[in-house]
Amino acid sequence: FFFQPQATSRKVISYFQFNEEEEKMVRFNKLALGAAFVAALSLVPSSYGTVGFAHAVEMTDDEVAAEEAAANAAAEEMISEAAPYAPPEGSDAFQYEAEVHKMLDIVINSLYTNKDIFLRELISNASDALDKIRFLSVTKPELLGDTKQLEMKVEYDPDAKTLTIRDTGIGMSKEDLIANLGTVARSGTTNFIKALSEGESNDVNMIGMFGVGFYSTFLVADRVSVASKSNDSDTQYIWESLNGESSFHVGPDPRGNTLGRGTEITLHLKEDSDEYLSPHKLKELIRHYSEFVTHPVSLRQIKTIQVPKEVPATEDKEPKEDGDEDDIEISDEEEEAEPEMEEVTTYEYEQINTDPAIWAREKDSIADEEYQEFFSVISKGDGGEAEDWTHFNAEGNINFKSILYMPSEVPRALQQGQLDEMKQGLRLYVRKVLISDEFDLMPRYLSFVKGVVDSDDLPLNVNRETLQESKIIKIIKKKLVRKAIELIRKMSKAEMPEDEPAEAEIDEDGNVIEVETPKKVHPYITWYKKFGLSIKMGCIEDSANKDKLQKLLLFKSSKTDGEDNFISLQEYVDRMKDWQKEIYVFPGESIATMKESAFMDAFNERDAEVIYLTDAVDEYFLQNVREFDGKKFRDITKDGVKFSDEDEDMAKRRAK
């Protein structure tokens, strides 16, 4: 019963150099023969027990039968595990696109990763698919067909060790499965790989940011099957791939049309991922990741209950002759005997996300943690935490609900200056129907603002381009921009946060050690250092809100020292000299160089403050924003600078 490789020198030498097919056969033979050996042990006569082989005592027939059954079950399990993989019947093989395969290698080999994110990505994708069919069905109700309920269901099977996520969304055709899940190179794939290479560690958690979250399933699964049925095809197709393979298979689903419409993703879990078969774990994760999904998300609960065992009907007994009844005694115990019980497994679905949409709730009922959670959902982790937010109901001729967020970190595309790839951050709903998660509701300079807008006044039966030009949208955009600017102003006027009490340090003599605490920096200054350039661009591009935006600008000047010491234009005007009629500005590349420049001599002599302009956009700023509060900007490097305490001749001599 021992496995022996072929006794040729070539085979022995290359024992650790088998190709993939040979390795599978070796594993199959070893496990199969091992299982046979286990089964054979159960058949060893009890007389061998004294030799210490299998049994120390005689075994009954029932015990022998039970052991035989256990051994056979173990053998079958081991053989089934070792059986080579067979793709779905009638399917064709396709090679992953090179970048996709590279990304899969990164995902599969990622260490110290929060594997829970796979469920976040699958729920998010299913929600998108449901949003799409709901939007299309507004103008074409027939698209829903017989599958009118838009929902998501999650099922776990402890015996098969599978986890299934099913939705009744728009579904995918064969071409969609091939293109979306492997062969088409997408910018998100490349950007994800690039982001990982730039980071210090392989943080797969940000995979959803790049639109390739589906592949996170291989963090927990050895095999992934995707069945899908769309309205574009009469056939339900299945996509399947093994973890670590460079190819996948697509073909007609052998089960036929089981979905009606939608997508079903089945994960055949790894041995170390059994935790995702726990109903308590799944319920916790689904509640967390579906909290802001507008469609019902349900978990199938498996319960075992005791029910009375059905007793087969028996033929009626022959009637007794008269007088026999007196001879029969009926005991109370027989009348009250409890029925024999048996275990029955039942399945029932429990909806997990029962709370209404966060923007439809009262502000006072929402904790800061909930607002932050919602921000992480709509930003997909791009932008850090929310620096601040505003939640409001706009009422009047046009009514809508909205939450707007200011991120604490600059989004990746904006950091890299890729404005063309900068996605609009607002989701637009019409009566809870998602129109778009990237609708153009903010000007370019506020493209980093994230949030959601839900209107009851917008029409649903028009395309996106027509909607973009509607008067209602223009009114909503105007109100949103005003609210965003008000939010930034509120941030700039906020009081300095109080210091947390620190523990006093005491020396050996019991004296309190004076510790120099670092100077506090206002949160708005920290935020402005990251986003100030966008506000300055707003002053150039948004003439209607130019005056409001100018009040939000911060500058370095000849009277500000330190990295975090800035001055606003209003503060500059408030401390201008009595004789001063203009705002003096000095464009340049380096503050240190400008301080030592000869241009500063006359201003230093008169103790006149000069604003330093070091941003590349400042030239355009001066050309388009010529004044503030009635005071014109005066470039001190240009001719024409005059002081009220000198005559024209002196001004000319100084200019020379």
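Owing to the predicted nature of the structure, the values given are computational and were not obtained by experimental measurement.

A word on empty space enclosed by the protein. Picture a little ball the size of a water molecule; that probe, rolled over the atoms, points out where space is still empty. Inspection of the entire model under this criterion finds one cavity of 30 Å³ or more. Counted as a void, the largest cavity has a volume near 50 Å³. Forming the walls of the largest cavity are K559, Y572, R575, M576, K577, Q580, D607, A608 and E609. Partitioning the lining of the largest cavity into residue classes produces three nonpolar, one polar and five charged.

Glancing now at the pattern of salt bridges. Evaluation of the coordinates by the stated rule reveals 29 salt bridges. Taking the shortest distance from any N to any O, the salt bridge between E409 and K530 comes out at 3.0 Å. Placement of the pair is E409 in the loop between β11 (400-407) and α11 (412-415) and K530 in helix α14 (residues 523-541), with a sequence separation of 121 residues. Residue E409 is classed as partly exposed on the basis of its relative accessible area of 35%. With a closest N to O distance of 3.8 Å, K638 and D635 form a salt bridge. For D635, a relative accessible area of 13% puts it in the buried group. One network of salt bridges, in which partners are shared, links E155, R166, D253, R255, E264 and R300.

All right, on to the confidence of the model for the chain then. For the chain, the average pLDDT comes to 80, and 74% of its residues sit at 70 or higher. Here helix α1 (residues 9-13) is the element of the chain with the lowest mean pLDDT, 33, and strand β3 (residues 162-167) is the one with the highest, 97. Low confidence marks residues 1-31, where pLDDT is under 50. Its contacts with residues over four positions away, or in another chain, come to 21 contacts. The model gives residues 200-210 a pLDDT under 50, and that stretch makes 38 contacts with residues more than four places away or in other chains.

This paragraph deals with unusual backbone geometry. Positioned with a positive phi, K161 is a non-glycine residue whose angle comes to about 55°. Along the chain, K161 falls in the loop between β2 (152-157) and β3. Look at D607: it is not a glycine, yet its phi comes out positive at around 55°. Summarising the element assignment, D607 is placed in the loop between α18 (601-605) and β20 (611-613).

Under the criterion given, the structure shown has 25 aromatic pairs. With 6.0 Å between their ring centres and 40° between their planes, W359 and F374 make a pair best called tilted. Within this pair, whereas W359 is found in the loop between β9 (341-351) and α10 (368-379), its partner F374 is found in helix α10, the two being separated by 15 residues in sequence. Accessibility classification places W359 together with F374 in one group, the buried group.

Angle between the axes and distance between the axes are the two parameters that describe a pair of packed helices. For the pair helix α13 (residues 471-493) and α14, interaxial distance at closest approach is 11 Å and the crossing angle is 145°. Here the hand of the crossing between α13 and α14 comes out left-handed. Counted together, I488, M491 and S492 of α13 and Y524, W527 and I535 of α14 form the full contact between these two elements. For the contact of α13 with α14, the residue count by class is five nonpolar, one polar and no charged.

Moving on to the sheet that holds strand β12 (residues 426-430). Spatial strand order, β10-β11-β14-β12-β13: five strands in an open sheet with mixed pairing. Where the open sheet ends on each side, the last strands, each with one partner, are β10 (386-394) and β13 (433-439). Geometrically, the sheet is characterised by an average inter-axis angle of 15° between neighbouring strands, direction not taken into account. Helix-sheet contacts for α13 involve β10, β11, β12, β13 and β14 (450-455), and the interaxial angle to β11 is about 40°.

A few words now on α10. The end-to-end C-alpha distance of α10 is 16 Å, a good match for the 16 Å that twelve residues give at a rise of 1.5 Å each. Listed in full, the buried residues belonging to α10 are E370, Y371, F374, F375, I378 and S379. Across the axial projection of α10, the buried residues extend over an arc of 160°, all falling on one side. On its buried face, α10 sits against β10, β11, β12 and β14. Trailing α10 by a residue or two, K380 shows a phi angle of about 55°, which is positive.

Thresholds, definitions, all that
Residues numbered from 1 in each chain as written. Predicted model: local features only at pLDDT ≥ 70, side-chain atom pairs only at ≥ 80, totals over all residues. Heavy atoms only, no water. 1 Å grid on protein atoms, 1.4 Å probe; cavity = no way out; pocket = protein on both sides within 12 Å on 5 of 7 lines; lining within 4 Å. Points joined across faces, edges and corners; volume = space filled by probe spheres on them. Nonpolar A, V, L, I, M, F, W, Y, C, P; charged D, E, K, R; others polar. Salt bridge = Lys/Arg side-chain N within 4 Å of Asp/Glu carboxyl O. Helix = DSSP H or I, 4+ residues; strand = E, 2+ residues; numbered from the N terminus. Buried < 20%, exposed > 50% of the residue type's maximum accessible area, 1.4 Å probe, protein only. pLDDT = per-residue confidence, 0-100. Contact = heavy atoms within 4.5 Å. Phe/Tyr/Trp six-rings, centres within 6.5 Å; stacked < 30°, edge-to-face > 60°. Axes fitted to C-alpha atoms, helices over the stretch in contact; angles between N-to-C directions. Left-handed = near helix turned anticlockwise from the far one by under 90°. Pairing = 2+ DSSP bridges. Expected span 1.5 Å × (residues − 1). Arc of directions from axis to C-beta.

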